[in-house]
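Descriptive analysis of the structure
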Amino acid sequence: NITEEIPGITPTYSSVGKKSAVILSELKNSRRTSLVKNIKSVDGKIADKYRLAKNFTKKYNWTHVAYLDDIDLGVLKAIDGNISADFCTTKNRDRYNDIIQKCTLIFDSRERKRLYTQDTNTIIILHDPYGCEAIFKGNKIIQHDSPPPVRGLNVNGAGDIFCAIFIREFFKSNLKQAMTLACEMTTSILKQRRNEKI
């Protein structure tokens, strides 16, 4: 979902498995739902997975782990440097505390805010059609941005686009700038896509 339409971002991907998904897009209310099924897990010894993760993260300024709650946590213990991650399920977050503590940023849907009860130094970014908020140290809101929601958009991939823009702006400027631009630019990209055939 992160393509050439986002200036200044040149992502490199490393896969840790394969899934099949059926995505239901409700355009009228700009919502999506997905039904996901595992197809393939990464084979190989855990040592090989650690080596893959370490070699991958040494080459880049920032490593983002998509769908943290859907992959092998052992691989993540090898990642160092600037790290962010996002979640995609309603699984209890307590089992991810060590990984969350390693991250600079965590991204999730605001509807799952109740899952973040731990006291952490990691900034947790929660987003939905009404904007985003950053929480820190046991759900203390430290920043928020609330643009008006836009209806009639295909929001499939919106979270990935939002994360990419947010990380780019956070890395080069600050939290406030990242929140404002991530909301504005994600909406702009989705509006441009609205007239395209999907």
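Residues numbered from 1 in each chain as written. Predicted model: local features only at pLDDT ≥ 70, side-chain atom pairs only at ≥ 80, totals over all residues. Heavy atoms only, no water.

1. As for the packing of aromatic side chains
Stated formally: Under the pairing criterion, centres of Phe, Tyr and Trp rings, with the six-membered ring standing for Trp, must be within 6.5 Å; the plane angle then separates stacked pairs below 30 degrees from edge-to-face pairs above 60, leaving the rest tilted. Numbered from the N terminus, helices here are DSSP runs of H or I no shorter than four residues, and strands are runs of E no shorter than two. Per-residue accessibility, obtained with a 1.4 Å probe over protein chains only, is compared with the maximum for each type, and a residue is labelled buried under 20%, exposed over 50%, and partly exposed between these values.
Under the defined criterion, the tally for this structure stands at 8 aromatic pairs. With a centroid separation of 5.8 Å and 40 degrees between ring planes, the pair formed by F162 and F166 is classed as tilted. With F162 and F166 both in helix α4 (residues 158-172) and 4 residues apart, the pair spans about one turn of that helix. Just as F162 is buried, F166 falls in that class too. Ring-pair connections join several aromatic residues into one group, and the members of that group are W62, F107, F162, F166, F170 and F171.

2. Comments concerning the sheet that holds strand β8 (residues 140-145)
Filter applied, for reference: Following DSSP output, two strands are said to pair if at least two bridges run between them. The angle between two axes is taken between their N-to-C directions and runs from 0 to 180 degrees, where each axis is a line fitted to C-alpha atoms and a helix contributes only its stretch in contact. Between two residues, a contact is recorded if the distance between any of their heavy atoms is within 4.5 Å.
The mixed open sheet is built from 6 strands, whose spatial order is β3-β4-β5-β6-β7-β8. Of all strands in the sheet, those with a lone pairing partner are β3 (63-65) and β8, marking the two edges. Across the sheet, the mean angle separating the axes of adjacent strands is 20 degrees when strand polarity is ignored. Note that strand β5 (residues 105-109) and strand β6 (residues 123-128) share 5 bridges and pair parallel. Each bridged residue has a counterpart across the sheet, and for S109 the counterpart in β6 is H127. Its contacts with the sheet place α4 against β3, β4 (83-86), β5, β6 and β7 (131-136), and it is angled at close to 150 degrees to β5. Together, β6, β7 and β8 form the strand contacts of helix α5 (residues 175-193), whose direction differs from that of β8 by roughly 45 degrees.

3. A look at the nonpolar core
Taken as a class, soluble globular proteins show a tendency for nonpolar side chains to be buried jointly. Cut-off, in case you're wondering: Buried Ala, Val, Leu, Ile, Met, Phe, Trp, Tyr and Cys residues form a nonpolar core when they are joined through side-chain atoms within 4.5 Å.
Formed by 27 residues in total, the largest nonpolar core has its most connected members in L105, F107, I125, F162, F166, F170 and L175. Elements with a minimum of two residues in this core: β5, β6, β7, α4 and α5. Among the elements that take part in this core, α4 stands out by supplying 9 residues, more than any other. Ignoring sequence-local partners within four residues, the contact set of I125 consists of L105, I106, F107, D108, E133, A134, F162, F166 and L175. Listed in part, the 16 residues of the second largest apolar core include I99, C103, I106 and I135.

4. Some details on the pairing of β7
Across the 6 residues of β7, 5 count as buried, placing the element largely inside the fold. Connecting β6 to the antiparallel partner β7 that follows it, the hairpin turn spans 2 residues. Across 5 bridges, β7 lies against β8 in antiparallel orientation. In the sheet register, I135 faces β8, and the bridge partner there is I141.

5. Thoughts on the environment of Q177
The residue Q177 is located in helix α5 in this model. Classification of Q177 as partly exposed rests on a relative accessible area of 35%. Spatially, the C-alpha atom of Q177 lies 8.5 Å from that of F166, the residues being 11 residues apart in sequence.

6. Thoughts on α4
Quick reminder of the rule: What a helix should span is 1.5 Å times the count of its residues minus one.
In this model α4 runs 21 Å from its N-terminal to its C-terminal C-alpha over 15 residues, within 8% of the 21 Å that 1.5 Å per residue would give. Taken across its 15 residues, α4 has 12 buried, putting it largely inside the fold. Three or more residues of α4 are buried, namely A158, D160, I161, F162, C163, A164, I165, F166, I167, R168, E169 and F170.

7. Some words on the pattern of salt bridges
What counts here: By definition, a salt bridge exists where a carboxyl oxygen of Asp or Glu is found within 4 Å of a side-chain nitrogen of Lys or Arg.
If you walk through the whole model with that rule in mind, you get 9 salt bridges. One salt bridge connects D69 with R93, and the closest N-O pair in it is separated by 3.7 Å. With a gap of 24 residues between them, D69 in the loop between β3 and α2 (73-76) and R93 in the loop between β4 and α3 (97-102) connect regions that are remote in the sequence. Grouping residues by exposure puts D69 and R93 together as buried. Residues E111 and R112 are paired through a salt bridge, measuring 3.8 Å at the closest nitrogen-oxygen approach. Classification of E111 by relative accessible area gives exposed; the value is 62%. Residue R112 is classed as buried on the basis of its relative accessible area of 11%. Here the salt bridges do not stand alone but share partners, grouping D69, R93, D108, E111 and R112 into one network.

That's the geometry; what it means functionally is another story.
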